Amino acid sequence: MTTDVNVLNETFTQGVVTIFGDVLTLVFIVLVMMRMNARLALVAFAVMPGILLVTSWFRKRVRESFRRIRLAIARINSYLQEHVTGMTVLQLFNREERSREEFSAINDVHRVAFKDAIFAHAVFYPLVEVLSATAIAMILWYGGLRALAGATTFGVVVAFIQYAQRFYRPIMDLSEKYNVLQEAMASAERIFTLLDTPVEITSPGSPAPTAAGKDARATGHIEFRNVWFAYQKTEGEPEWVLRDVSFTVEPGQTMAIVGHTGAGKTTLISLLLRFYDVSRGEILLDGVDIRQMNLTSLRRNFGVVLQDPFLFTGTVESNIRLGSEHVTLREVEEAAEEVNVADFVRSLPEGFSTPVRERGATLSVGQKQLISFARALAHRPRVLILDE
């Protein structure tokens, strides 16, 4: 997103205004040349089909190259981010040399794609130059013959040469801007592929109220009724993660779900919070199918502590509050007391206002886990979910 949006930005700030100026210049020159001598003007424009053919070839060749360049840059950025973040693991397992080789392979893809784009430029611009020079030579030849025959004057021929040079200068400029536009089109394709991705999980048009009322929080009665689910939606028999799962959790009850890795424990949480919809069966909250509930109202009832705690850049307080204005500082401190992290937070230089770096880099895994626990409790959920 970052690099592709920057390419679009450069197109609008550098290319669009100049393109309008070049087009207006071309229109003005064409009108003047047609008015001075229509036949000589047609001779000057005789090479335009050749320029259009060269431009069409260039467009196809360079657009494909730019697509590969944008994809390669994205892979380079992704690889760098992943391996810099996981540098400790790389060093522990002596993977530096192997990672360097993998990065070189990804970088080679980018180099080859860029080389193809440069080759297209190296062919395109000289061809346009040759065609523009050919047009001037044809004006000299045809105009000279007409001047010797007395059908026109040498002054008109000289004027046409000057206009032709001015005519093809904007075309060369447009050719350069066309290159920028092709790169922008490749970037726009990638950006809109992301923006146009359809949202699969949405709130219903007319959400059903819970037993406690339309906007009231639920009492916490949860029922899985004959739930089947598969991540891969294939035409054949799906790879079922859950098969005919049914159970009930009453308000105030604690339930532990135990199973081996990949058994579907986290999948149950994802279905309950509607990150995915069930393939068959239904999940009920206070007797209402969660697919018929407003997403915000549904998720407001749950507090979740994930096995991989995630903290944002900000302060300890902002990570516990997480943007919820209704959570006061007192409630933040009470939640921290409940999970026994308050003493540690108060020992920090600025207490709850202590800055937290990206993903909580300055804190231990256990400290991040406790802050995530305090975050869940501070929102006073009806249902508390602890993943692993």
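Structure report, in brief. (Residues numbered from 1 in each chain as written. Predicted model: local features only at pLDDT ≥ 70, side-chain atom pairs only at ≥ 80, totals over all residues. Heavy atoms only, no water.)

### A closer look at the pairing of strand S8 (residues 383-386)
Reasoning step 1: Here S8 shows a buried face lined by Val 383 and Ile 385 and an unburied face lined by Leu 384 and Leu 386.
Reasoning step 2: Summarising the sheet, strand S5 (residues 302-305) and S8 pair through four bridges and their orientation is parallel. For Phe 302, the partnering residue across the bridge sits in S8 and is Val 383. (Buried < 20%, exposed > 50% of the residue type's maximum accessible area, 1.4 Å probe, protein only. Helix = DSSP H or I, 4+ residues; strand = E, 2+ residues; numbered from the N terminus. Pairing = 2+ DSSP bridges.)

### Digging into the environment of Ala 230
Reasoning step 1: As for its position among the elements, Ala 230 is in the loop between strand S1 (222-229) and strand S2 (242-249).
Reasoning step 2: The class of Ala 230 is buried, set by a relative accessible area of 1%.
Reasoning step 3: Through-space distance from the C-alpha of Ala 230 to that of Asp 277 is 9.8 Å; in sequence the pair is 47 residues apart.
Reasoning step 4: Excluding its chain neighbours within four sequence positions, the residues that come into contact with Ala 230 are Pro 238, Glu 239, Trp 240, Val 241 and Ser 279. (Contact = heavy atoms within 4.5 Å.)

### A closer look at empty space enclosed by the protein
Reasoning step 1: Tallied over the full model, the rule gives one cavity of 30 Å³ or more.
Reasoning step 2: In this structure, the largest cavity spans a volume of roughly 40 Å³.
Reasoning step 3: Classifying every residue of the lining of the largest cavity by side-chain character gives five nonpolar, no polar and three charged. (1 Å grid on protein atoms, 1.4 Å probe; cavity = no way out; pocket = protein on both sides within 12 Å on 5 of 7 lines; lining within 4 Å. Points joined across faces, edges and corners; volume = space filled by probe spheres on them. Nonpolar A, V, L, I, M, F, W, Y, C, P; charged D, E, K, R; others polar.)

### Some remarks on a nonpolar patch on the surface
Reasoning step 1: Residues Trp 141, Leu 145, Leu 148 and Phe 154 make up a contiguous nonpolar surface patch of roughly 520 Å² in combined accessible area.
Reasoning step 2: When residues in the nonpolar patch are grouped by element, the largest group, three residues, is from helix H5 (residues 96-148).
Reasoning step 3: As for its placement among the helices and strands, Trp 141 is situated in helix H5.
Reasoning step 4: Taking the relative accessible area as the measure of exposure, Trp 141 reaches 57% and is therefore exposed. (Patch = residues over 30% accessible without salt bridge, like charges linked within 9 Å, V, L, I, M, F, W, Y side chains within 5 Å. Areas by Shrake-Rupley, 256 points an atom, 1.4 Å probe, with all protein chains shown as cover. Salt bridge = Lys/Arg side-chain N within 4 Å of Asp/Glu carboxyl O.)

### Re the pattern of salt bridges
Reasoning step 1: Under the counting rule described, the total for this entry stands at 18 salt bridges.
Reasoning step 2: The salt bridge involving Asp 4 is made with Arg 190; its shortest N-O contact spans 2.8 Å. On the criterion of sequence distance, the pair formed by Asp 4 in helix H1 (residues 2-36) and Arg 190 in helix H6 (residues 154-195) is long-range, its members being 186 residues apart.
Reasoning step 3: Taking the relative accessible area as the measure of exposure, Arg 190 reaches 28% and is therefore partly exposed.

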